[in-house]
Amino acid sequence: MSNVEIDQQSAWSENLGHLNSALAVLGEMPSVEGNELDRLLAKFHESVKTIAGSEVAFAKMCALLKEINPHFILKEFSTLPKANVLANVVAGIYGPLIHGFSQAVIENIQMSNLPEVIVAPPRDTIPLVTSLKTMAGIEGVDLQIIKPPVTRKTAGIPNNQSSGTAKEDPLFRSMVHQEFKHRLNGTGLTEIEFGIYSTTSLKIARLLKSMGLKEKYIALKFYGLGPNLSYVHGLLSGGKEWVAESAESQLLVDPAQIAGLMVLLDSLEEFGMQSVYQSVSRLYLGDDGKILPFVQPVDVETFEIARATNEAIASTALYYATIGPGFAIHLLEQVPHLVELAHQGYPFILQAPIPPMDNKEQHFASIRTAGVFSYPELVLRKEA
C-alpha cells in the first residue's frame, strides 16, 4: 500500500465520530421491521397492480414521469400490464441513473483510472451489465466482464434479512480461483455493484490478494457508505470526493440527503430487473470439472418483468449517453418527491427505506484494516 493510501486511511479513521455521516442520520430514522416491512413491500406491489389495471391511472403515471424526467418517452415494453408499468418507470427514473453510473465507469476506464476488466457478480448487477454493455457498444469501448456466482449465501456471509445460519459453500474458494486465476497478473479489477457495504467485495478481494493479485482491486458502488467508493457521493460532490465517509466528513455532500437516497437503492430490487433467475444459493461441480452456479428458474411473470425492465435499460442507453451528470443529479433531487408520490399510490419508489445490515461499523472497520481495496482518483464528465 502506498504512503498516500495509508495517510488517506488514517484521515478517514480520524473522522469516525460520524457526526456528519449518512449512517448517523439513518440510525436516527424510524426502523421498518417484521410485519411493517411486509406491509411496506406489499404497498408497492399493490400500487403496481392498481396502475396496471387502469388505463387512466397508467396515463396519469406516465404524465408524472414526464414531469419528473422531461426526456421520458412512453413505450410498450410488454403486453403484460404489470411488466409494462415497471419497465416504463425504469425507463423514466432508474435507467437514466444506471446509465449515468455506466458513463462514469467507461470514462474512467478510458482515462486509465479504472482497470478495463469488470467484475459483476450476479444477480443484482444484471441491470448494470445491461447498461454497461450497451453503453460500451455505443462508445466503442472493449470491456471484459467477469460474472462470478458470488452471493452472500455462496460466500457464507450473514444477512439480517435472511433466516438460517450463514455457511460458505464448500466449492466457493475453488470457484474464485477458477474464475480469476487468469486475471491475477493483469492491470487490476474493477468491481461494480449497486451497494451498500462491500461485504462480498471484501471477501473476494481478500481471497484474490491471498492468491497473488498484486494490482488494484477497486470496488465501485452506485451508492456506497462508510469507506466505500460511491458514485452517488462522487456525483453530489461535483466529482471532488468518491469515498462516502470522506465526502460526508468534509461536508462535500449533505449527509441527510445521502441518507434519504437509501430508499432509492432499496427500491431497485422491487422492479425485478435482476430476477432473470432465482438468487444463487449453492454451487456444483459440472461434468467437465468446472464449478457452476445452481440456477433455478423463476416463474413466467417474474421472467417477463426482468426481460421488459432490462429492455427498458438497453433501449434508453443511446439517448442518455449524450446527457451529462447534471441530469442524474436532477433525478436524485427528485427522490423526496418520488416518496410523496409513492404515498399517493404511484409505484416510483418504496415509501420508506429497509433496515440496514447489522454490524455496519464492525464491517467498515474490517475494510479499513484489511487494506485490500484501492481508491483511485475518479472523474466526472464535464457538462457541455
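Residues numbered from 1 in each chain as written. Predicted model: local features only at pLDDT ≥ 70, side-chain atom pairs only at ≥ 80, totals over all residues. Heavy atoms only, no water.

Participant: Just to check I follow, could you spell out the overall build of the chain for this structure?
Facilitator: Within the chain, the secondary structure is distributed over 17 helices and 7 strands. The C-alpha radius of gyration computed for the chain amounts to 20 Å, which stays within 12% of the reference 21 Å derived for 384 residues, consistent with globular compactness. Along the longest, intermediate and shortest principal axes, the C-alpha atoms of the chain span 60 × 55 × 45 Å. Taken over 384 residues, the chain has a buried fraction of 54%. When contacts within the chain are restricted to residue pairs at least 6 apart in sequence, those whose partners lie at least 24 apart make up 76%. Element-wise, carbon and sulfur atoms account for 52% of the exposed surface of the chain, whose accessible area totals about 16,900 Å². Of the side chains in the chain, 30 bear a positive and 41 a negative charge, and the two mean positions are spaced by 5 Å. (Helix = DSSP H or I, 4+ residues; strand = E, 2+ residues; numbered from the N terminus. Rg over C-alpha atoms; globule rule 2.2 N^0.38 Å. Buried < 20%, exposed > 50% of the residue type's maximum accessible area, 1.4 Å probe, protein only. Contact = heavy atoms within 4.5 Å. Areas by Shrake-Rupley, 256 points an atom, 1.4 Å probe, with all protein chains shown as cover. Lys, Arg positive; Asp, Glu negative; His and termini not counted. Charge placed at Lys NZ, Arg CZ, Asp CG, Glu CD.)

Participant: Explanation requested: the pairing of strand 4 (residues 217-221) in the structure shown.
Facilitator: For a regular strand, the rule is simple: side chains alternate between the two faces of the sheet. In terms of burial, strand 4 is a largely internal element, 5 of the 5 residues being buried. Here strand 4 shows two buried faces, one formed by Tyr 217, Ala 219 and Lys 221 and the other by Ile 218 and Leu 220. In the sheet, strand 3 (residues 189-193) pairs with strand 4 via 5 bridges, with the strands oriented parallel. Along strand 4, the bridge assignment pairs Glu 191 with Ala 219. Taken together, strand 3, helix 9 (residues 199-211) and strand 4 form a β-α-β motif whose crossover is right-handed. In terms of strand pairing, strand 4 meets strand 5 (residues 229-230) through 2 bridges, oriented parallel. (Pairing = 2+ DSSP bridges. Right-handed = clockwise from strand over helix to strand, strands pointing away.)

Participant: What exactly am I supposed to notice about the nonpolar core here?
Facilitator: Inside soluble globular proteins, nonpolar side chains tend to come together where they are buried. Residues Met 61, Phe 222, Tyr 223 and Phe 348 are the most contacted members of the largest nonpolar core, which totals 125 residues. Counting residues per element, this core draws most heavily on helix 5 (residues 81-110), which supplies 16 residues. Contact partners of Tyr 223, with chain neighbours within four places excluded, come to Phe 194, Gly 195, Ile 196, Ser 230, Val 232, Ile 258, Ala 259, Leu 261, Met 262 and Leu 265. (Core = buried A, V, L, I, M, F, W, Y, C linked by side-chain atoms within 4.5 Å.)

Participant: Would you mind showing me how to read unusual backbone geometry here?
Facilitator: Generally, phi is negative for residues other than glycine and the peptide bonds are trans, each holding for most cases. A cis geometry characterises the amide bond from Pro 122 onward to Arg 123, with omega recorded as 10°. Mapped onto the secondary structure, Arg 123 falls in the loop between strand 1 (117-119) and helix 6 (126-139). A cis geometry characterises the amide bond from Gly 195 onward to Ile 196, with omega recorded as 10°. Inspection of the secondary structure assignment puts Ile 196 in the loop between strand 3 and helix 9. Positioned with a positive phi, Ser 198 is a non-glycine residue whose angle comes to about 80°. Along the chain, the position of Ser 198 falls in the loop between strand 3 and helix 9.

Participant: For this particular structure, what's the right way to read the side chain of Asn 113?
Facilitator: Inspection of the secondary structure assignment puts Asn 113 in the loop between helix 5 and strand 1. The exposure class of Asn 113 is buried, given its relative accessible area of 16%.

Participant: Could you clarify how one ought to interpret the pairing of strand 3 in this entry?
Facilitator: Of all 5 residues in strand 3, 5 are buried; the element is thus mostly enclosed. Burial along strand 3 is two-sided: the residues Leu 189, Glu 191 and Glu 193 and Thr 190 and Ile 192 are all buried. Here strand 1 pairs with strand 3 via 2 bridges, running parallel. Its bridge partner lying in strand 3, Val 119 is registered against Glu 191.

Participant: What should I look at first to understand helix 15 (residues 325-333) in this one?
Facilitator: Because each turn of an α-helix spans 3.6 residues, side chains separated by three or four positions end up pointing in the same direction. Taken as a whole, helix 15 has its buried residues at Pro 325, Phe 327, Ala 328, Leu 331 and Leu 332. Down the axis, helix 15 shows its buried residues gathered within 155° of arc, on one side only. Tucked into the core, helix 15 has its buried residues touching helix 4 (55-68), helix 5, helix 10 (231-236), helix 13 (262-268), helix 14 (300-320) and helix 16 (335-343). (Arc of directions from axis to C-beta.)

Participant: What's the story with the packing of aromatic side chains in this structure? I'm lost.
Facilitator: Each pair of aromatic rings is reported with the distance of its centres and the angle of its planes. The full count for this structure, using the stated rule, is 12 aromatic pairs. Ring centres 6.1 Å apart and planes at 40° place the aromatic pair Tyr 197 and Phe 364 in the tilted group. Linking Tyr 197 in the loop between strand 3 and helix 9 with Phe 364 in helix 17 (residues 360-370), this pair joins segments that are 167 residues apart in sequence. Judged on exposure class, the residue Tyr 197 and its partner Phe 364 are both buried. Ring geometry for Phe 222 versus Tyr 231: centroids 5.6 Å apart, planes at 40°, classification tilted. Considered together, Phe 222 and Tyr 231 belong to a single accessibility category, that of buried residues. By the ring-pair criterion, three or more aromatic residues cluster together here, those being Phe 101, Phe 194, Phe 222, Tyr 231 and Trp 242. The ring of Phe 294 carries Arg 282 above its face, with NZ or CZ at 3.8 Å from the centroid. (Phe/Tyr/Trp six-rings, centres within 6.5 Å; stacked < 30°, edge-to-face > 60°. Lys NZ or Arg CZ within 6 Å of the ring centre and 35° of its normal.)

Participant: Would you explain the environment of Gly 27 in this entry?
Facilitator: Note on placement: Gly 27 falls in helix 2 (residues 22-28). Since its relative accessible area comes to 62%, Gly 27 is described here as exposed. When the C-alpha atoms of Gly 27 and Ala 259 are compared, they prove to be 9.5 Å apart, with 232 residues separating the residues in sequence.

Participant: Honestly, the environment of Leu 331 in this entry has me stumped. Any pointers?
Facilitator: In this structure, Leu 331 sits in helix 15. Owing to a relative accessible area of 2%, Leu 331 belongs among the buried residues under this scheme. For the pair Leu 331 and Ile 93, spaced 238 residues apart in sequence, the C-alpha to C-alpha distance is 7.0 Å. Among all residues touching Leu 331, those that are not within four sequence positions of it are Ile 68, Asn 69, Gly 92, Ile 93, Pro 96 and Leu 97.

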